[in-house]
Every structure is written in C-alpha cells, then in structure tokens.
Amino acid sequence: GSRLQGIWSFTLITSILLFSFALSSQILKKKTNIICTRVLASPRLVWTILTNPIRLDPLTVLCNSKAYIIFEKKIVCFCTIKNWGKYKELGTVYTFPLFRKKGFMKKLLYIVLNKKVFVLCDSSLEPFYQKFGFARIRNPPWWFRFRVKTFNLLLRPFVGYALIVMFRESRS
C-alpha cells in the first residue's frame, strides 16, 4: 500500500534528478574524452566512492560535487571539486586499477586545476600533490582546520592515518 507508493515516489524523484544531472553533463574540452558532470549523475562514481569510504571522500556524494571524468569506453579516472563558497576543494581523486600509471590523472588534474584550490589528504600523499603545485599550509581557513582536527581526533585511530591541508595557487 502506502509503503510501496513511498518507494515508487522515491524511485521516481531519484530518477528525475539523476536524468536532469546527466543532461547537465558537458564535454570539458573539444576533441578530448573528458566530461564535467555532477557526482550523482554517475551511479558508477557514487558506488566507487561509497564502497571505499576510508580512502575516498563520501562528502563529495553528499554535496553532489562537480565531477571531472576521463572515459575510454568506460570510466578511466575521475576527480571531484567541492565548492565551499569562496573556497574550492579537490575531493576524491581516483583512477581505476586497470588504468593506473598511464598518466590519465596527470592529464585530468592539469586541465581541472586552474584556480586556487585546497585539498585535505593523508600525509603520505603529500609528494603526489606537490607534483601538481600543492604545498602544505599551517593556518588554513577555519572550515578546513575544523574538519582536519575532527577527523584526526575521531577517525585517525580507526583508519590509521592523519589528514593534512594543502593549497595550490592559480595557474598563471
């Protein structure tokens, strides 16, 4: 009865939202296989992020962040950008195992990282992000400081790593 009707209503609303997000996808650059969309427009991205919550950022799903995707018949890699008002944050950065060590993420990040952007990451990833012009900062805006302190206090004992904040200036 009403429970089934509620399930159907939820399914219909979700389908309409996903369809509208899918329509808003756009080719980022002509003659490339890179698109810009929203996280919720791709069930594959949502599934990948939510099934790897220790290493990938589930907040990108909750915020329905912008997603930049390289595809070659299927998704090769993707990164997300969260918008916190005047601050941008690089969220999930992920390359599917079959396509790793082939330069796909380097190509994607070179195109996407054209503005000032923060990243919260495991300190072991600092050398990776330094290759893209990021540097660790000691006094980030309060929102990033709050998230790092909260994560390090509450989750570090369970996940085995601490977060740091890095920042990248605009490309000139």
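All of these numbers come straight from a predicted model, not from anything done at the bench. Starting from 1, residues in each chain are numbered consecutively following that chain's sequence as written. With pLDDT at 70 or above as the cut-off, local features in this predicted model cover only qualifying residues; side-chain atom pairs require 80 or more to be listed or tallied, and sums for whole chains, interfaces and linings still use all residues. Working from all heavy atoms in the structure, the side-chain values ignore hydrogens and water.

Undergrad: Which residues make up the environment of Val93, and what values do they have?
TA: Helix and strand assignments follow DSSP, with helices taken as H or I runs no shorter than four residues and strands as E runs no shorter than two, numbered in order from the N terminus. Its place among the elements puts Val93 in strand E5 (residues 87–95). On a C-alpha basis, the gap between Val93 and Phe78 in space is 6.1 Å, while along the polypeptide they are 15 residues apart.

Undergrad: Can you break down unusual backbone geometry residue by residue, with the values?
TA: Both trends apply: most residues other than glycine have a negative phi, and most peptide bonds are in trans. Even without glycine at this site, Asn64 takes up a positive phi of about 50°. Along the chain, the position of Asn64 falls in the loop between helix H3 (59–62) and strand E3 (66–71). Assessed through its relative accessible area of 10%, Asn64 is described here as buried. Backbone geometry at Lys73 places phi at a positive 70°, although glycine is not the residue there. For the exposure calls, accessible area comes from a 1.4 Å probe over protein chains only, and a residue counts as buried if that area is under 20% of its type's maximum, exposed if over 50%, partly exposed in between.

Undergrad: Lay out the pairing of strand E6 (residues 117–122) with the relevant residues and their values.
TA: In terms of burial, E6 is largely enclosed, as six of its six residues are buried. Summarising the sheet, E5 and E6 pair through two bridges and their orientation is parallel. Of the residues in E6, the one forming a bridge with Glu89 is Phe118. A crossover counts as right-handed when, viewed with the strands pointing away from the observer, the path leading from the first strand over the helix to the second turns clockwise. In this region the chain leaves E5, passes through helix H4 (residues 104–112) and returns to the parallel neighbour E6; the handedness of that crossover is right-handed. Two strands are said to pair when DSSP picks up at least two bridges between them. Here E6 runs beside strand E8 (residues 163–168); their pairing, made up of six bridges, is antiparallel. Note that in E8 the partner of Phe118 across the bridge is Phe167.

Undergrad: Would you mind going over the pairing of E5 in detail, with residue names and values included?
TA: Counted residue by residue, E5 has seven buried out of nine residues, so it is predominantly covered. In this sheet, E5 lies alongside strand E4 (residues 75–84) in antiparallel orientation, the contact comprising seven bridges. Bridged to Phe78 within E5 is Tyr94. Where E4 folds back on E5, the antiparallel hairpin that results is connected by two residues, among which Gly85 adopts a positive phi of roughly 70°.

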